[in-house]
Amino acid sequence: MSTPGDLLFPIRANRPDLCFALTAEIMKGLRGSATVQDELHAFAYYDARNLLGFVDGTENPVGHEAADAALVGDEDPDFRGGSYAVVQKYLHDVDAWERLPVETQEKVIGQTQEKVIGRTKAIDVELDAPGSHKDVNTVIGPDGTEQRILRAAMPFGRPGHGEFGTYFIAYARDSRVTDTMLERMFLGTPTSGPDPLLDYSRAVTGTRFFVPSADFLRAIPGDGGQSSSSFSSSSE
Ligand code: HEM
């Protein structure tokens, strides 16, 4: 579902009080000139697991590979250091999910039906699971190498209201890489149907943002050199 917004503030810290305080400060500055479309408070859960119980983020690139996947480089000098972000708020049907045997949540060996995540649940080992979420999101580019994005999804929810969700956010150097993953997830791949994770997860928001670099923001005329944030802002 497309839910447009102009500004996004993905505020992350180990301390929720700091996130809260910064959000409050930003809102003071924006009051009267922005309408909040969505505000979501997420958290880290166990060993970086999502609310489906699986470790999330394992195959993320790290170090210079992360920068290579997420930051615009010399191919677009005016926007070097920026990034293309996609955000989607997913709600999970945890009752249906928990009715699946764990082996099915991971994969069913020798069958073609459900094989949802493509990794084991307890210890997060990769499985050979065609059609799984992992498989659908393994995209090989024209040069024969895997095309990568940097994911920073976090769980959120209100158990008292039956709400269990994943706030998906991913950064890419080339927005077409994330687009290809989303197309494969929602429409299927040449060899498999849509991502089976979507049988248990529903996207209720979806927006893209360009994240300018701090240098880009500082160079905006009239800014007076005051900007120091590398993030764009508003609708979270
Ligand atoms: C309901 C939302 C989602 C959940 C709960 C979820 C969960 C997971 C889990 C558990 C893994 C395996 C561990 C890991 O490597 O991180 C994974 C892998 C991955 N996911 Fe998602 N994901 C979600 C949405 C998405 C979306 C929307 C995209 C792309 C636009 C995406 C792209 C990927 C990629 C690229 C991998 C790594 C594949 C590999 O190289 O093994 N995910 N996800």
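Residues numbered from 1 in each chain as written. Predicted model: local features only at pLDDT ≥ 70, side-chain atom pairs only at ≥ 80, totals over all residues. Heavy atoms only, no water.

Our focus in this paragraph is helix α2 (residues 63-70). Those residues of α2 that sit buried are A66, A69 and A70. Taken down its axis, α2 places every buried residue within 85° of arc, on the same side. Looking at the buried side of α2, the elements it contacts are β1 (83-92), β4 (150-151) and β6 (163-172). (Buried < 20%, exposed > 50% of the residue type's maximum accessible area, 1.4 Å probe, protein only. Helix = DSSP H or I, 4+ residues; strand = E, 2+ residues; numbered from the N terminus. Arc of directions from axis to C-beta. Contact = heavy atoms within 4.5 Å.)

Here we take up helix α1 (residues 16-30). Across its 15 residues, α1 extends 21 Å between first and last C-alpha, which sits within 8% of the 21 Å expected from 1.5 Å per residue. For α1, the complete set of buried residues consists of C19, I26 and L30. The buried residues of α1 occupy an angular sector of 40° when the element is viewed end-on, so they sit on one face. Exposed residues pointing more than 90 degrees away from the buried face of α1 are listed as F20 and K28. Just downstream of α1, G32 is the residue with a positive phi angle, here 90°. (Expected span 1.5 Å × (residues − 1).)

Attention now goes to the coordination of the iron atom of the ligand. Within the protein, a single donor atom binds the iron atom of the ligand, namely H133 (NE2) at 2.0 Å. With respect to the secondary-structure elements, H133 resides in helix α5 (residues 133-136). (Donors = N, O, S within 2.8 Å, 3.2 Å for Na, K, Ca; no water.)

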